Amino acid sequence: MAEPLTGRIHSWDLSTGVDGPGTRFVLFVSGCPLRCLYCANPDTWHMRDGKETTVDEVMAEVDKYRAFLTTAGGGVTITGGEPLLQSAFTGEVLRRCKEAGLHTALDTSGFLGARATDDLLADTDLVLLDIKSFDVTTYRELTGGELTPTLNFATRLDRLGRPMWIRYVLVPGWTDAPEAVDGLARFLAGLGYVDRVDVLPFHKLGAQKYEALGVPFALRDTPTPDRDLTERVRRQFQEHGLRAL
């Protein structure tokens, strides 16, 4: 008899309006290959810090809320961390959720998009794709990773007809350069399955987590964006025909 499939889990929670449509059961997996300077969840960086959990255990928890999630027009979102670091586990949870008639969403940076099989993506109703910057140098400095895999993943999702919500964290001095925003907007406007762009103002709500972990918070002195800057960036996306919120 095969061993049950397990993954490393940080936690789960219920949310409304920010992790996909309706009320969501949000599963936070552990482990991430990037080190984004503005990350609000540094406690999810390492797989070793997560709790080993079987897919059956996850689904037993999801099942407690299934009727409510369906009634509330919601579903299940897998986030992290980076869900595609544990692609087999993530894919099986998505498959089981689809079998249960639940809407599924995958929140990912796309950096490990090559690990997502076509079957995994077929079981994903919506991809929340975090594009950290459209400037190659800024992306590397901000995340420690490379931009190209994410753009390739976005193109692949579009080819497969997978709906996307793009997430763009607005960090003054980092991701507010007009030319970089315009470049990303042009790229996204060339895709057919981008439903919306969420411009998310940088915040410091995770600062205490860094203190608890003894890790320096590199953007501690970076200001949060004001309303004028946030609206300017949203308008830039809108000027390219994109629905930006």
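Note that the structure is predicted; figures quoted are calculated from it, not measured. (Residues numbered from 1 in each chain as written. Predicted model: local features only at pLDDT ≥ 70, side-chain atom pairs only at ≥ 80, totals over all residues. Heavy atoms only, no water.)

**Side note on the packing of aromatic side chains**
Scanning the entire structure with this criterion turns up 6 aromatic pairs. Aromatic side chains tyrosine 168 and phenylalanine 237 sit 5.7 Å apart centroid to centroid with 70° between the ring planes, which places their arrangement in the edge-to-face category. Of this pair, tyrosine 168 sits in strand S7 (residues 164–170) while phenylalanine 237 sits in helix H9 (residues 227–238), placing them 69 residues apart in sequence. Pair check on accessibility: tyrosine 168 and phenylalanine 237 agree, each one buried. Members of the aromatic cluster, joined through ring pairs, are Trp12, Phe25 and Tyr65. (Phe/Tyr/Trp six-rings, centres within 6.5 Å; stacked < 30°, edge-to-face > 60°. Helix = DSSP H or I, 4+ residues; strand = E, 2+ residues; numbered from the N terminus. Buried < 20%, exposed > 50% of the residue type's maximum accessible area, 1.4 Å probe, protein only.)

**Some points on the pairing of strand S2 (residues 23–29)**
For S2, a buried count of 7 out of 7 residues is recorded, marking the element as mostly surrounded by other parts of the structure. On S2, burial covers both faces: Thr23, Phe25, Leu27 and Val29 on one face and Arg24, Val26 and Phe28 on the other are all buried. Bridging between strand S1 (residues 6–16) and S2 involves 7 bridges; their strand directions are antiparallel. Residue pairing for S2: serine 15 is matched across the bridge by arginine 24. Hairpin geometry of S1 and S2 is characterised by an intervening segment of 6 residues between the two adjacent antiparallel strands and by a positive phi of about 90° at glycine 17. Across 5 bridges, the pairing between S2 and strand S4 (residues 75–79) is parallel. Within S4, the position partnered with phenylalanine 25 by the bridge is valine 76. (Pairing = 2+ DSSP bridges.)

**Brief notes about the nonpolar core**
Of all hydrophobic cores here, the largest spans 62 residues; its most connected members are Leu27, Val93, Met164, Leu188, Val197 and Phe237. Counting residues per element, this core draws most heavily on S7, at 5 residues. (Core = buried A, V, L, I, M, F, W, Y, C linked by side-chain atoms within 4.5 Å.)

**A closer look at the pattern of salt bridges**
The final tally for this structure, using the stated rule, is 15 salt bridges. As a salt-bridge pair, glutamate 61 and lysine 64 come within 3.2 Å of each other at their nearest N and O atoms. Look at glutamate 61 and you get buried, because its relative accessible area is 14%. Judged by relative accessible area, lysine 64 falls into the exposed class, the value being 59%. Residue aspartate 63 is joined to arginine 66 by a salt bridge in which the shortest nitrogen-to-oxygen separation is 3.3 Å. Residue classification places aspartate 63 among the partly exposed positions, given a relative accessible area of 43%. A single network of salt bridges, built from pairs that share partners, joins Asp19, Asp107 and Arg167. (Salt bridge = Lys/Arg side-chain N within 4 Å of Asp/Glu carboxyl O.)

**Quick word on the packing of helix H7 (residues 178–189) against H9**
Interhelical geometry of H7 versus H9 gives an angle of 35° and a closest axis separation of 9 Å. Along this stretch, H7 crosses H9, giving a crossing that reads as right-handed. Where H7 approaches H9, its residues Pro178, Val181, Asp182, Leu184, Ala185 and Leu188 are matched on the opposing element by Arg232, Val233, Gln236 and Phe237. (Axes fitted to C-alpha atoms, helices over the stretch in contact; angles between N-to-C directions. Left-handed = near helix turned anticlockwise from the far one by under 90°. Contact = heavy atoms within 4.5 Å.)

**Concerning the sheet that holds strand S5 (residues 103–108)**
For sheets, the rule is that strands pair by backbone hydrogen bonds, running either parallel or antiparallel. Spatial strand order, S3-S1-S2-S4-S5-S6-S7-S8: 8 strands in an open sheet with mixed pairing. Every interior strand has two partners, whereas the edge strands, strand S3 (51–54) and strand S8 (194–201), have only one. Going from strand to strand, the sheet's axes swing by 30° on average, the running direction of each strand aside. Helix H3 (residues 87–99) rests against S1, S2, S3, S4 and S5 of the sheet, and its axis sits at about 160° to S5.

**Describing H3**
Over its 13 residues, H3 extends 18 Å from the first C-alpha to the last, a length consistent with the 18 Å expected when each residue adds 1.5 Å. Within two residues after H3, glycine 101 carries a phi angle of roughly 80°, on the positive side. (Expected span 1.5 Å × (residues − 1).)

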